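# Examining the three-dimensional arrangement
Residues per chain are reported as follows:
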Amino acid sequence: MTRRATDNSKALDAFIAAKSEIDAMLERLAALSADHFETNPDEINWGHVGTLNHYRAKLREISDSAFREGEHAA
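Residues numbered from 1 in each chain as written. Predicted model: local features only at pLDDT ≥ 70, side-chain atom pairs only at ≥ 80, totals over all residues. Heavy atoms only, no water.

### Topic: the packing of aromatic side chains
Quick note on the threshold: Two aromatic rings, drawn from Phe, Tyr or Trp (for Trp, its six-membered ring), form a pair once their centres lie within 6.5 Å of each other, and the interplanar angle then sorts them: stacked below 30 degrees, edge-to-face above 60, tilted otherwise. Working definition: helices are DSSP H or I runs of at least four residues, strands are E runs of at least two. Numbering for both runs from the N terminus. Any residue under 20% of the maximum accessible area for its type is buried, any over 50% is exposed, and the rest in between are partly exposed; the area is computed with a 1.4 Å probe on protein chains only.
A complete count under the given rule lists 1 aromatic pair for this structure. Look at F37 and Y55: their rings are 6.1 Å apart centre to centre, the planes differ by 40 degrees, and that puts the pair in the tilted class. Placement of the pair is F37 in the loop between α1 (9-34) and α2 (46-67) and Y55 in helix α2, with a sequence separation of 18 residues. Given the relative accessible area of 26%, F37 is considered partly exposed.

As structure tokens, then:
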């Protein structure tokens, strides 16, 4: 009995497309962070802190999942 080679080209294309989108998002976030999230130090308020904490929580969830840390640890 012979096995046919599995054609994963569609999965590979989808993977590369998703990776490219993630790379673009990371570039934009890095640029926004370098610009201090478009804030002026003299105008920082608790709303800015809340927004950054929200972003941080979402990124931590992703990071913990990717690196199997936090609640995703083995």
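There is more to say after this.
### A short note on a nonpolar patch on the surface
The following threshold applies: What goes into a patch is any residue over 30% in relative accessible area without a salt bridge, connected to like charges within 9 Å or, for nonpolar side chains (Val, Leu, Ile, Met, Phe, Trp, Tyr), within 5 Å. Residue exposure ignores everything except the shown protein chains as possible cover, and the areas themselves are Shrake-Rupley values with a 1.4 Å probe. Should a side-chain nitrogen of Lys or Arg be within 4 Å of a carboxyl oxygen of Asp or Glu, the pair is scored as a salt bridge.
Judged by side-chain polarity, I22, M25, L26, L29, L59 and I62 come together as a nonpolar surface patch covering roughly 540 Å² of accessible area. Every element with two or more residues in the nonpolar patch is listed here: α1 and α2. In terms of residue count, α1 provides more of the nonpolar patch than any other element does, 4 residues in total. If you trace the backbone, I62 turns up in helix α2. A relative accessible area of 56% places I62 in the exposed class.

### Overview of α2
Selection rule: To estimate the expected span of a helix, subtract one from its residue number and multiply by 1.5 Å. Two N or O atoms form a polar contact when they lie within 3.5 Å of each other; inside protein one atom must be a possible hydrogen donor and the other a possible acceptor, and for residues adjacent in sequence the pair counts only when both atoms belong to side chains.
Compared with the 32 Å implied by 1.5 Å per residue over 22 residues, the 30 Å span of α2 between its first and last C-alpha is a close match. Near the N-terminus of α2, the side chain that reaches the backbone nitrogen of G47, with its oxygen 2.7 Å away, is that of N45. Positive phi shows up at R68, right after α2, with a value of about 55 degrees.

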